[in-house]
Amino acid sequence: MTDLLLKYFRTKQQEVQSEKVYDTQCPFCSMQCKMQLIEQSVVSRKTYKTIGKDNPTSQGRLCIKGMNAHQHPFHQDRVLHPLLKVDGEFVRISWEEALQYIKKQVEEIQAVDGHEALSIYGSASITNEEAYILGKFARVGLKTPYIDYNGRLCMSAAATAANQTFGLDRGLTNSLKEIPSTRVIILAGTNIAECQPTIMPYFEKAKENGAYIIAIDPRETPTTQLADLHLKVKPGMDAALANGFLKVIIDENLVDEDFVNERATGFEEVKDYVQSLSLDEISDLTGVPIEQIRTAATKFASEESGMLFTARGVEQQIDGTVAVRNFLNFVIATGKIGKPYSGYGAITGQGNGQGAREHGQKADQLPGYRLIENEEHRAHVAKVWGIDKGELPRKGVSAYEMFQKINDGEITGMFLVCSNPVVSNPNAIFVKEALKKLKFLVAVDLFVSETAKFADLILPASSYLEDEGTMTNVEGRVTLREASRPCPGEAKNDWQIICEIAKVLGKEKYFPYQKAEDIFNELREASRGGIADYYGITYDRIRKEQGILWPCPEVNHQGTERLFEHSFATPNGKAKLIPVSNTSAIPKEKPCSEYPLYLTTGRIMSHYLTGVQTRKSSALAARNFESYLEIHPETAKKYEIDPNSLVAVASKRGKITVRSKISEKIRQDTVFVPFHWAEEQNVNMLVGEDLDPTCKMPGFKVSTVNIRQI
Ligand SMILES: Nc1nc2c(c(=O)[nH]1)N[C@H]1C(S)=C(S)[C@@H](COP(=O)(O)OP(=O)(O)OC[C@H]3O[C@@H](n4cnc5c(=O)[nH]c(N)nc54)[C@H](O)[C@@H]3O)O[C@H]1N2
Ligand SMILES: Nc1nc2c(c(=O)[nH]1)N[C@H]1C(S)=C(S)[C@@H](COP(=O)(O)OP(=O)(O)OC[C@H]3O[C@@H](n4cnc5c(=O)[nH]c(N)nc54)[C@H](O)[C@@H]3O)O[C@H]1N2
Ligand code: SF4
Ligand SMILES: [Mo]
């Protein structure tokens, strides 16, 4: 090619090359990192990349999931049109046909099975506006009590514990910027390094500043590597471990008596119970040496400031509520809350894990963290919604219990929005069989997920790039994600879809919104005066102030960075302690001759939840393309498992096949399998159906299994 020709092409390329930058927010975890999508048009092709953008929470950082987040929305498997199942195959239909089909099915079910036969299964990955109208649609549009969401499997234990102890549940009691100045940190059952990677610098700074870090996890992880002390607890034994901590500080006179007397009730009962226990017994139960229990407890109690964090390791247990409460007993007994650099945090999981549990898609809740069984709360919300409070249904049941009701024939129709329960619920084989019994299942999703496959109708949803709305991040900071792109094909925003369904059902007067902000403004009113009060927050303020931490009751209120400085949110203003037994009310599975090993489950850095999105991302899928079994070398030897070999892992409920990954990082009595894969690698086929009696959290973190090399 001549120089002249080359020059011609170069100029031509420069001519058509353009770059557009869109502000957005990561669709994945609770950090809600702000980022920018950069679209470059080169000749006839568009390319995309994602970079971080400065903000008070993630400070411009991104992890590998954020950097590759744009890959799944552009994937060729995106659902772009409504799909109706005809003779077992999905066929494209128009929106008009889809809506008429829904109308017919809903009316038929309501006539034959009653209003309570319809249900909604929502999500904490949708915006506050969407969570809010999903709750309203269930109660006003469908008149059913049956709505719950995937956050039940996620934050419910910590939320219940915080509500009971403090009278208020906001994941972190302090903003993240206090972490670097604290003196001692306990990380209990949280793997922040892989699950909220951009939070790590706050903890690394704390360490540089001399903080002592204690991790509690049955496995060594990139998070426990940061710790000065790692308590390799036996799965499911956190409540007992916290009793050990309490016992040590009571025996060694390290209780903050002034704080306890002034700010709490119930300590004497805790003290009486704990004094009846022995550290030997606790050490036996937990598998943690007495010396380590003592060091952890005395360090935390004797320093000037301290922060304790829990996540799903402690919470996803059938005693999750009380396990968290016992750590809260310890935080209060040591006076480490309500003051600078001291506090508690349940590290939120999903992008809107915080906001989606505040505005009414939980079975027992109304917006603003109001309760559906409280007459005053009902009256407030009914007024905002323009209905009589007697018309509001009562409380429904939890996520997993809805599948039990489906199985029993009580629920015959379901709207599923932004979740994949066939992979994420415990006892997955049962869930799948139950779903097949539904007369009518609509799945609103980006893809034909493992659950959407069972749907009668799939509706194409918008991705984070196409949907505007607020997301409340890990700090309790209400952030605004702007839409960057138009919806592809005939996809629509989740809130639009709900409004259109409401309209064909003749309920349009309750759903008159033109844009997400209209919904937010109603949400502000509905939450006004409630616990999670968003009234003072507006889109304009969020844009100007880079997010606002709730509660924010007035438009001139600056938001709340640190909670409980003067009092707790309980009726008497005091934190409420309760004694927690070493062992749960419902016995957890114990290793036996047939199922000799503990199985615990969780996450890895490169994949997200059931993997529907990240398995569609070439860059992320390339890092980990299949599931695995983490197993100690001694255990592998005992069960004759070779490295990188296929292993059948079975519990009394089912069997999966995964590849062995031999590692000294895990306890010898425990194996670990991540839950990001489906079908024959769906680890939830092994997990049991017992639920925490209070919050209905499944016991994802403890099952018992046997293993066999294939
Ligand atoms: N990469 C990635 N990041 C994510 C997600 C993801 O899927 N992938 N999901 C997001 C969501 S929704 C959530 S909820 C969060 C979850 O965040 P985390 O709760 O931090 O994640 P997990 O891996 O489920 O569990 C944390 C740790 O608990 C440990 N553990 C297991 N059993 C026990 C036990 O009995 N006691 C104690 N103390 N520890 C135990 C596990 O070994 C694991 O290291 O992450 C969010 N971020
Ligand atoms: N064994 C085990 N099981 C667990 C856990 C565990 O630690 N161990 N953790 C539990 C936890 S903490 C959680 S949070 C749950 C999560 O469980 P799920 O809610 O089932 O998880 P996702 O994979 O996020 O499912 C989201 C679905 O919505 C689609 N989607 C994404 N964005 C949108 C959107 O904007 N609109 C719509 N309509 N659809 C969208 C995705 O394609 C995907 O199919 O899993 C729980 N299950
Ligand atoms: S996955 Fe979480 S930490 Fe990673 S970029 Fe997204 S929001 Fe940030
Ligand atoms: Mo979660």
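Bear in mind the structure is a predicted one, so any value in this text is a computation, not a measurement.

**A short note on the site of ligand 2**
Asn150, Ser424, Asp445, Thr610 and Asn684 are the nearest of the 28 residues found near ligand 2. Within the side chain of Asp494, a nitrogen or oxygen atom sits 2.8 Å from a nitrogen atom of ligand 2. Within the complex, the protein chains bury 97% of what would otherwise be the 920 Å² of accessible surface of ligand 2. Class assignment for the residues of the shell around ligand 2 results in twelve nonpolar, twelve polar and four charged. Among the domains, domain 2 (83–153 + 359–545) and domain 4 (588–709) are the pair contributing at least three residues each to the shell around ligand 2.

**What to know about the nonpolar core**
Note that soluble globular proteins tend to have their nonpolar side chains buried in a common cluster. Of all hydrophobic cores here, the largest spans 126 residues; its most connected members are Phe137, Phe245, Phe415 and Leu459. A domain split of this core shows at least three residues from each of domain 2 (83–153 + 359–545) and domain 3 (156–347). Judged by nonpolar contacts, the second largest core, of 36 residues, contains Tyr22, Ala193, Leu226 and Tyr464.

**Focus: the sheet that holds strand 10 (residues 229–231)**
The sheet built from five strands is open, its strands ordered 10-9-8-12-13 with parallel pairing. Of all the strands in the sheet, just strand 10 and strand 13 (343–346) have a single pairing partner and so form its edges. Going from strand to strand, the sheet's axes swing by 15° on average, the running direction of each strand aside. Pairing of strand 8 (residues 184–188) with strand 9 (residues 212–216), which is carried by five bridges, proceeds in the parallel orientation. Considered in strand 9, the bridge of Val184 is made with Tyr212. Strands strand 8, strand 9 and strand 12 (307–310) of the sheet are contacted by helix 7 (residues 200–208), whose axis makes an angle of about 140° with strand 8. Contacting strand 8, strand 9 and strand 10, helix 8 (residues 238–251) crosses the sheet at an angle of about 145° to strand 9.

**What about the domain arrangement of the protein chain?**
Domains assigned within the protein chain are domain 1 (2–71), domain 2 (83–153 + 359–545), domain 3 (156–347) and domain 4 (588–709). Using C-alpha coordinates to define each centre, domain 1 is positioned 41 Å away from domain 3. Tallying the contact residues gives twelve residues for domain 1 and nine residues for domain 3. Taking both sides of the interface into account, the surface hidden between domain 1 and domain 3 amounts to around 710 Å²; carbon and sulfur atoms contribute 62%. Connecting domain 1 to domain 3 are zero salt bridges. For the pair domain 1 and domain 3, the interface holds three residue pairs in polar contact (both at pLDDT 80 or more). Residues of the side of domain 1 that touches domain 3, tallied by class, amount to six nonpolar, four polar and two charged.

**Things to note about the sheet that holds strand 19 (residues 469–472)**
Strand order in this open sheet of three strands is 19-20-21, and the pairing throughout is antiparallel. Single-partner strands in this sheet number two, and they are strand 19 and strand 21 (548–549). The pairing of strand 20 (residues 477–481) with strand 21 spans two bridges and is antiparallel. Looking at the pairing, Arg477 lines up with Leu549 of strand 21. Sitting on the sheet, helix 4 (residues 128–142) touches strand 19 and strand 20, and the angle it makes with strand 19 is about 95°.

**Here's the deal with the UniProt feature "domain: 4Fe-4S Mo/W bis-MGD-type" (unreviewed entry) in the protein chain**
As recorded in UniProt, the feature "domain: 4Fe-4S Mo/W bis-MGD-type" (unreviewed entry) lies at residues 19–77. Taken end to end, residues 19–77 is 7% helix and 41% strand, and its first and last C-alpha atoms sit 26 Å apart.

**Points about the packing of helix 4 against helix 20 (residues 516–527)**
Running from N to C, helix 4 and helix 20 point in directions that differ by 65°, and their axes come no closer than 9 Å. Of the possible angle classes, the one that applies to helix 4 and helix 20 is roughly perpendicular. Relative to helix 20, helix 4 is oriented so that their crossing is left-handed. Contacts between helix 4 and helix 20 involve Asn128, Glu129, Tyr132, Ile133 and Lys136 on the former and, on the latter, Ala516, Ile519, Phe520, Glu522, Leu523 and Ala526. Among the residues making up the contact of helix 4 with helix 20, the classes are represented as seven nonpolar, one polar and three charged.

**Here's the deal with the packing of helix 4 against helix 19 (residues 494–504)**
Where helix 4 contacts helix 19, the two axes come as close as 9 Å, and the packing angle between them is 20°. In terms of orientation, helix 4 lies roughly parallel with respect to helix 19. Taken as a pair, helix 4 and helix 19 cross one another with a handedness that is left-handed. In contact with Glu130, Ile133, Leu134 and Phe137 of helix 4, helix 19 contributes Asp494, Trp495, Ile498, Cys499, Ile501 and Ala502. Grouping the constituent residues of the contact of helix 4 with helix 19 by class yields eight nonpolar, no polar and two charged.

**Notes on the pattern of salt bridges**
Going through the model one piece at a time under the given rule, you end up with 46 salt bridges. The partner of Lys207 in a salt bridge is Asp228, and the shortest N-O contact between them spans 3.4 Å. A residue pair is termed long-range when its members are at least 10 positions apart, and Lys207 in helix 7 and Asp228 in the loop between strand 9 and strand 10 qualify at 21 residues. The exposure class of Asp228 is partly exposed, given its relative accessible area of 39%. A salt bridge links Lys696 to Glu401; the nearest nitrogen and oxygen atoms lie 3.5 Å apart. Placement of Lys696 in the loop between strand 27 (670–674) and strand 28 (703–709) and of Glu401 in helix 16 (residues 399–407) is noted, with a sequence separation of 295 residues between them. Through salt bridges that share partners, Glu373, Glu375, Arg378, Lys389 and Arg394 make up one connected network.

Basis of the calculations
- Residues numbered from 1 in each chain as written.
- Chains lettered and ligands numbered in written order.
- Predicted model: local features only at pLDDT ≥ 70, side-chain atom pairs only at ≥ 80, totals over all residues.
- Heavy atoms only, no water.
- Near = heavy atom within 4 Å.
- Polar contact = N/O pair within 3.5 Å; in protein donor to acceptor, adjacent residues only side chain to side chain.
- Areas by Shrake-Rupley, 256 points an atom, 1.4 Å probe, with all protein chains shown as cover.
- Nonpolar A, V, L, I, M, F, W, Y, C, P; charged D, E, K, R; others polar.
- Domains from an automatic or database assignment.
- Core = buried A, V, L, I, M, F, W, Y, C linked by side-chain atoms within 4.5 Å.
- Buried < 20%, exposed > 50% of the residue type's maximum accessible area, 1.4 Å probe, protein only.
- Pairing = 2+ DSSP bridges.
- Helix = DSSP H or I, 4+ residues; strand = E, 2+ residues; numbered from the N terminus.
- Axes fitted to C-alpha atoms, helices over the stretch in contact; angles between N-to-C directions.
- Contact = heavy atoms within 4.5 Å.
- Buried area = accessible area lost by both parts, 1.4 Å probe.
- Salt bridge = Lys/Arg side-chain N within 4 Å of Asp/Glu carboxyl O.
- UniProt positions renumbered as here; feature names shortened; annotations may be inferred.
- Parallel < 35°, antiparallel > 145°, perpendicular 65-115°, else oblique.
- Left-handed = near helix turned anticlockwise from the far one by under 90°.

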